[in-house]
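Here are the chains, one letter per residue:
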Amino acid sequence: MNDEQFDVLIAGGGNAALCAALMAREAGVSVLLLEAAPKAWRGGNSQHTRNLRCMHDAPQDVLVEAYPEEEYWQDLLKVTGGLTDEHLARLVIRASSSCRDWMRSHGVHFQPPLSGALHVARTNAFFMGGGKALVNAYYRSAERLGVQIRYGTPVVSVELDGNRFVAVHTEAGERIAARSCVLAAGGFESNREWLREAWGQNERGEWPADNFLIRGTRFNQGVLLKQMIDAGADAIGEPSQGHMVAIDARAPLYDGGICTRIDCVSLGVVVNREARRFYDEGEDFWPKRYAIWGRLVAQQPGQVAYSVIDKKAIGRFMPPVFPGTVADTLPELARQLGLDETTFLQTIADYNAACRAGRFDHTALDDCHTEGLAPAKTHWARPIDTAPFHAYPLRPGITFTYLGLKVDATAAVRFGDQPSPNLFVAGEMMAGNVLGKGYTAGVGMSIGTAFGRIAGTRAAAVALQQKESHHAIA
Amino acid sequence: MQSLDALAREAVSLADGPRRIIPILSAAETEVGRQMQICNACRYCEGFCAVFPAMTRRLEFGKADIHYLANLCHNCGACLHACQYAPPHEFAVNVPRAMAEVRGQTYVDYAWPPALGVLYQRNGLTLSLALAAALALFLVLAAAMKGSLWGAAPGDNFYSVFPHNLLVGMFAPVFLFAVLALGMGVRRFWRDITPATSGAPLNRPAAAEAADAVLRLKYLDGGHGDGCHNEDDAYTLARRRFHHLTFYGFMLCFAATSVATLYHYVFGWAAPYALPSLPKLLGVVGGISLMVGTAGLWRLNRRRHPSHGDLAQKPMDLGFIALLFLTSASGLALWLGRGTPALALLLCLHLGAVMALFATMPYGKFGHGIFRSAALLRHAVEKRLPNPIGLGAD
């Protein structure tokens, strides 16, 4: 075996890949990281993240009060509706309580929650400057430690010998062998063809996924995920499941990130293309409900909806990136939005008549609700009657997909329920083990960090073992 | 845009009603407004500096808001390197550059007298050095005509080259004009941004906080203490430290001159002063600090990431750095060259540099510290009031 062969090869360049690379390098092996994106776009979806959901039993630097393991687990259980693996979930939860010193040692800075996010001051530690600052810090640390990094190098296939990793093949046709490998190349959310296939055709004859926007990177094409599943790796999760939110319909197709969110849903009503309401906008605080609205909008005709508010709501929600449609009268608003005027006015009139005035408080689950209206609006229901009226168009924005490779606590890729000795997986490619559906803020980064570190450690250990046995034979 | 701007201002002053006419924004200001709309929907950079917390107190960005934010920005680069919307993203967010372009424009707009604002566009490195050289040459010629240019000075008394009163007569008017011009400019800036920053009056805690932010250069620490950016996405404290050496070096030199003035007029002790004396100690320490600081800033400026700030302002930055360096270097040379035949020549060089520094002061980089301090003071006042925007989630 020549000296140039790398011990550990990492396919991917986001948070999980970097955590794996850093852990492996710290264990003393040589590491090559292949990032599909050019340097300017490096970091996958991690560049758009902002925090890490962290378990803690007592106040911890930027985290207030406590967020014990059991509460974290119950939160996860609730959002996934039980589609999770308790053993792996608890492993992630416990890892989240102790990984931050390690993250700091690689240059990541934490800060108290951002304005507009105080509701997660107890549960989430924010990266100062957001995910791109974290990604930059990890790349700097990796370079300093001697991890070899190659940008613009997509891996198109993995060469296996049975369930043993042998080499990867890059898009440019290069074959790169290594003693072990970590796959951390993301989900398939950027692959519009695959999304189309996964979501299929609905009863209206539409292909809903054609109207999805991708909130993150364009580089998560799912090439390795598909190749591994085709090669017989055990998979988990539904291809149509993912983290999906309702975002501004005018957002760019890729990389719209956080700023395209529309936070005024709970302060007004949401109507579909037919100018009808379809769900309780005031079910709970928006941060607890944003993750279901992508799917709700995806079920509407044309996969579009409009969040409508009046003057009373202005200044009470995070300012949207694009200006809304503004009109002095409701008929004018309907015309500007291209909605059927009669139906729209009827929808608003029915809603306004059903509002039971209480003490409006947008910072609490207040008692302003509707009566005799279907669907009801259970909180913050105030008549839409004060000009000017504002509307924002919504479309489903997919953050990442949950179809992944099945793992156990070692992060090993499995074939016929048998673990590969030297092929591991981390990040979005296996997040579906913990997240069968639903989402709660910051948990994607918790999974990526926990399993990235496990995969890197295991891959390094395997490589070291191989070297030792090789020396022993020699 | 400038004339439109003037028309708009005139319209505002003519409008005699409760409805204020919104001043028309320049292209650079419009760009800041566009970027702030994106940043305000993202807010990931809130921990870095004062700009983003100030931004979250606003939903719309008028001219005065933009001028205020532009001068709050320290061009540290943190938000650019951390930005998910920075080029090549189609949103093309580069806050340090957008702010720098407006900042440069505010220097021109607030210059006093207004007609001299154009000098900001002609204050480059070459001009600064040419001015210093020309002034020095003029002094050399004057001294040569008196026959005292080379070797004629007895001991190390430079008043025999240029009498004290002549020096005061030359420098005091230029210095006082510089102070007046800067004062008038920042006063107008203050009046414009005060209503946009709550209008609340100054108070002691706010003043103390702003002074702390200025004197420690708090916003070059990155918000986490590891520093700001220079050539890449790594943090460095070098910019902060060289700024400190420059600023405190300058202040020590200024203190040396002030103490010497007191000695002269109050105690009747004429220069030169021996080394253990206060003016000399302040001057030597200040001069060395200024030299090291400006040399460091020069080097950092030349290696700066090309996406940081407004490249068109580089000549102004370098011109100012060069004049400060020349002033401190020639001052130290003058001290080291005392008692040698070169004294008069070195004196001419030093006086030329100092004169050029004073002359360009109101229309060059010097103003950035004054305008930024004013913005920081308004920020310290504003942040003590409840946020006018009440977000539901909080």
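Small disclaimer: the values here were computed from a predicted structure and weren't measured.

> What is the right way to look at the overall build of chain B in this model?
Looking only at helices and strands, one finds 14 helices and two strands in chain B. For chain B, the C-alpha radius of gyration of 23 Å lies close to 21 Å, the compact-globule estimate for 394 residues. Here the C-alpha coordinates of chain B stretch approximately 75 × 50 × 40 Å along the principal axes. Scored against the burial criterion, the 394 residues of chain B give a buried share of 44%. Long-range contacts, defined here as pairs at least 24 residues apart, represent 73% of the contacts in chain B between residues at least 6 apart.

> Any chance you could explain the overall build of chain A here in plain terms?
Along the backbone of chain A there are eleven helices and 21 strands. Taking 2.2 N^0.38 as the reference for a compact globule, 474 residues should give roughly 23 Å; the C-alpha atoms of chain A span a radius of gyration of 24 Å, in line with that estimate. Expressed along its principal axes, the backbone C-alpha trace of chain A runs to roughly 85 × 50 × 35 Å. Within chain A, the proportion of its 474 residues that are buried is 55%. The contacts in chain A between residues at least 6 apart in sequence include a share of 75% that link residues at least 24 apart.

> What is the right way to look at the domain arrangement of chain A in this model?
By a frequent convention, interface size equals the accessible area lost on bringing the separate parts together. Residue and element names in this part refer to chain A. Segmentation of chain A into domains returns domain 1 (6–187 + 222–239 + 402–473) and domain 2 (249–397). Between domain 1 and domain 2, the residue contacts involve seven residues of the former and six residues of the latter. Of the residues belonging to the side of domain 1 that touches domain 2, the class tally is two nonpolar, four polar and one charged.

> In this structure, what is going on with the pairing of strand E20 (residues 412–415) of chain A? I would like to understand it.
Looking along a regular strand, one sees the side chains alternate between the two faces of the sheet. Bridge analysis of E20(A) against strand E21 (residues 418–425) of chain A gives three bridges, and the strand direction is antiparallel. Bridge pairing in E21(A) places Ala412(A) opposite Phe424(A).

> In this structure, what is going on with the environment of Val434(A)? I would like to understand it.
Mapped onto the elements of the fold, Val434(A) is located in the loop between E21 and helix H11 (443–473). Ignoring any residue separated from it by four or fewer positions in sequence, one finds Val434(A) in contact with Thr84(A), Asp85(A), Leu88(A), Ala89(A), Val92(A) and Ile447(A).

> Sorry if this is basic, but what is going on with helix H2 (residues 69–80) of chain A here?
Each full turn of the α-helix corresponds to 3.6 residues, which orients residues three or four apart in the same direction. Residues and elements named next belong to chain A. Helix length check: H2 (twelve residues) gives 16 Å between terminal C-alpha atoms against 16 Å at 1.5 Å per residue, within 8%. Of all the positions in H2, only Tyr72, Leu76 and Thr80 are classed as buried. Taken end-on, H2 shows its buried residues confined to a sector of 60°, consistent with a single buried face. For H2, the exposed residues set more than 90 degrees away from the buried face come down to Glu70, Gln74 and Lys78. Positive backbone phi, at 60°, marks glycine 81, one or two positions downstream of H2.

> Just checking my understanding: could you explain the interface of chain A and chain B for this structure?
Contact with chain A, which involves 37 residues of that partner, is made by 31 residues of chain B. Sorting the residues of the side of chain A that touches chain B by element identifies helix H5 (131–145) and helix H8 (286–298) of chain A as the ones contributing at least two each.

> Explain the domain arrangement of chain B to me, please; I cannot follow it from the model alone.
All names here are of chain B. On domain assignment, one finds that chain B holds domain 1 (2–112) and domain 2 (115–380). Computed over C-alpha atoms, the centres of domain 1 and domain 2 are 29 Å apart. At the junction of the two partners, domain 1 supplies 32 residues and domain 2 supplies 34 residues. Of all the secondary structure elements, the ones that give two or more residues to the side of domain 1 that touches domain 2 are helix H4 (63–72), helix H5 (78–81) and helix H6 (95–109). Examining the composition of the side of domain 1 that touches domain 2, we find that nine residues originate from one element, H6, more than from any other. Across the side of domain 1 that touches domain 2, the residue classes break down as 17 nonpolar, eleven polar and four charged.

> Mind showing me how you'd approach the nonpolar core here?
If you look at soluble globular proteins, the nonpolar side chains tend to sit buried side by side. Among the nonpolar cores identified, the biggest contains 207 residues, and Val8(A), Ile10(A) and Ala20(A) are the most heavily contacted of them. At eleven residues, H11(A) tops the list of elements feeding residues into this core. Once residues lying within four places of it in the same chain are set aside, the contact partners of Ala20(A) are Ile10(A), Val182(A), Ala184(A), Ala426(A), Gly452(A), Ala455(A), Gly456(A) and Ala459(A). With 48 residues, the next largest nonpolar core counts Ile321(B), Leu324(B), Ala353(B) and Val354(B) among its residues.

> Help me understand the sheet that holds strand E4 (residues 110–111) of chain A, please; the structure alone is not making it clear to me.
Pairing between the strands of a sheet comes from backbone hydrogen bonds, and it takes one of two forms, parallel or antiparallel. All names here are of chain A. The strand order across the open sheet built from three strands is E3-E5-E4, with neighbouring strands paired in antiparallel fashion. Across the chains shown, the open sheet's two edge strands, defined by having one partner strand only, are strand E3 (51–53) and E4. Two elements, E3 and strand E5 (residues 124–127), share three bridges in a ladder whose sense is antiparallel. When the bridges of E5 are listed, leucine 52 appears paired with alanine 125.

> Just checking my understanding: could you explain the packing of helix H2 (residues 27–42) of chain B against H6(B) for this structure?
Helix packing geometry: the angle between the two helix axes and the distance between the axes. All names here are of chain B. The N-to-C vectors of H2 and H6 enclose an angle of 145°; their axes lie 9 Å apart at closest approach. Between H2 and H6 lies a crossing whose hand is left-handed. Seen from H2, the contacting residues are Ala28, Glu29, Glu31, Val32, Gln35 and Cys39; seen from H6, they are Val95, Ala98, Met99, Glu101, Val102 and Gln105. Per-class residue counts for the contact of H2 with H6 are seven nonpolar, two polar and three charged.

> Sorry, what's going on with the pairing of strand E2 (residues 31–34) of chain A here?
Residues and elements named next belong to chain A. What you see with E2 is no split at all: Val31 and Leu33 on one side and Leu32 and Leu34 on the other are buried throughout. Note: strand E1 (residues 6–11) against E2, four bridges, orientation parallel. Counted as the bridge partner of leucine 9 is leucine 32 from E2. In this fold, the crossover linking E1 to E2 by way of helix H1 (residues 15–26) has right-handed handedness.

> When you look at the confidence of the model for chain B in this model, what are you seeing that I'm missing?
Where the model shows low pLDDT, its predicted coordinates should not be examined in detail. Summing up the model confidence of chain B, the mean pLDDT is 88 and the portion of residues at 70 or higher is 92%. Prediction confidence for the complex, expressed as pTM and ipTM, is 0.93 and 0.95 respectively.

> Even after reading the chapter, I still don't get the packing of helix H10 (residues 238–267) of chain B against helix H11 (residues 278–303) of chain B, so can you show me in this structure?
Residues and elements named next belong to chain B. Taken N-terminus to C-terminus, the directions of H10 and H11 make an angle of 150°; their axes are 7 Å apart at the nearest point. One element, H10, and the other, H11, form an angle in the roughly antiparallel class. Our pair here, H10 against H11, has a crossing hand that is left-handed.

> What am I meant to see in H8(A) here?
Residue and element names in this part refer to chain A. The end-to-end C-alpha distance of H8, which contains 13 residues, comes to 18 Å, matching closely the 18 Å that a straight helix rising 1.5 Å per residue would cover. Where H8 bends most, at isoleucine 292, the angle is about 40°. Where H8 is buried, its residues meet strand E12 (242–248), strand E14 (305–309) and strand E18 (389–401).

Quick notes on the rules
Residues numbered from 1 in each chain as written. Chains lettered and ligands numbered in written order. Predicted model: local features only at pLDDT ≥ 70, side-chain atom pairs only at ≥ 80, totals over all residues. Helix = DSSP H or I, 4+ residues; strand = E, 2+ residues; numbered from the N terminus. Rg over C-alpha atoms; globule rule 2.2 N^0.38 Å. Buried ≥ 20, exposed ≤ 12 C-beta atoms within 10 Å, placed from the backbone. Contact = placed C-beta atoms within 7 Å. Domains from an automatic or database assignment. Nonpolar A, V, L, I, M, F, W, Y, C, P; charged D, E, K, R; others polar. Pairing = 2+ DSSP bridges. Expected span 1.5 Å × (residues − 1). Arc of directions from axis to C-beta. Core = buried A, V, L, I, M, F, W, Y, C linked by C-beta atoms within 7 Å. Axes fitted to C-alpha atoms, helices over the stretch in contact; angles between N-to-C directions. Left-handed = near helix turned anticlockwise from the far one by under 90°. Right-handed = clockwise from strand over helix to strand, strands pointing away. pLDDT = per-residue confidence, 0-100. Parallel < 35°, antiparallel > 145°, perpendicular 65-115°, else oblique. Bend = angle between axes of the 7 residues up to and from the residue.

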